[in-house]
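Notes for the structure review
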Amino acid sequence: MGLKSEYVLLVQNVSSRTRRSDLEYEFERAGPIRNIARFRDDETLVEFKSRSDASWAYKNLDRLDVDGSTLRVFWAEEADFEDFGWEWFEN
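First, a word on what this report is: a plain description of the structure on this page. (Residues numbered from 1 in each chain as written. Predicted model: local features only at pLDDT ≥ 70, side-chain atom pairs only at ≥ 80, totals over all residues. Heavy atoms only, no water.)

1. Brief notes about the sheet that holds strand β2 (residues 33-40)
Here four strands make up an open sheet; going across it, the order is β2-β3-β1-β6 and the pairing antiparallel. Strand pairing shows two members of the sheet lacking a second neighbour, β2 and β6 (72-77), which therefore form its edges. Each strand axis lies, on average, 30° off the axis of its neighbour in the sheet, ignoring direction. On top of the sheet, helix α2 (residues 51-60) reaches β1 (4-12), β3 (43-48) and β6; it is set at about 35° to β1, its chief contact. (Pairing = 2+ DSSP bridges. Helix = DSSP H or I, 4+ residues; strand = E, 2+ residues; numbered from the N terminus. Axes fitted to C-alpha atoms, helices over the stretch in contact; angles between N-to-C directions. Contact = heavy atoms within 4.5 Å.)

Here it is in structure tokens:
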């Protein structure tokens, strides 16, 4: 297993109908978002400004129903950053 982020979440099972603004609305409930990116129709990276906000989202937004899909929320790993074309910034 690779390194896990403390600020970035990998969100899977995102409906193709779900807009970026829909995801921002749901995840901003945890706190300010620094960046959000969609890689494929069903995966998104969400970067928070603080660890505590990312942790709250990880604990409370996993299995959230959005547009008929149940989101799965995981801590992003270094390989996920590469898949999305992001540079790993944590050590």
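2. Things to note about the pattern of salt bridges
Scanning the entire structure with this criterion turns up seven salt bridges. Among the ionic pairs, E24 bridges to R20, the shortest N-O distance being 2.9 Å. Of this pair, E24 and R20 both sit in helix α1 (residues 20-27), four residues apart, roughly one helical turn. Classification of E24 as partly exposed rests on a relative accessible area of 23%. Ionic pairing is found between R29 and E26, a salt bridge with its closest N-O pair at 2.7 Å. A residue is classified by how much of its surface remains accessible, and R29, at 46% relative accessible area, is partly exposed. What makes E26 buried here is its relative accessible area of 15%. (Salt bridge = Lys/Arg side-chain N within 4 Å of Asp/Glu carboxyl O. Buried < 20%, exposed > 50% of the residue type's maximum accessible area, 1.4 Å probe, protein only.)

3. Examining the pairing of β1
Bridge analysis of β1 against β6 gives five bridges, and the strand direction is antiparallel. By the bridge assignment for β6, K4 is matched with E77. Where β1 and β3 come together, five bridges link them in antiparallel fashion. Bridge pairing links Q12 to E43 in β3.

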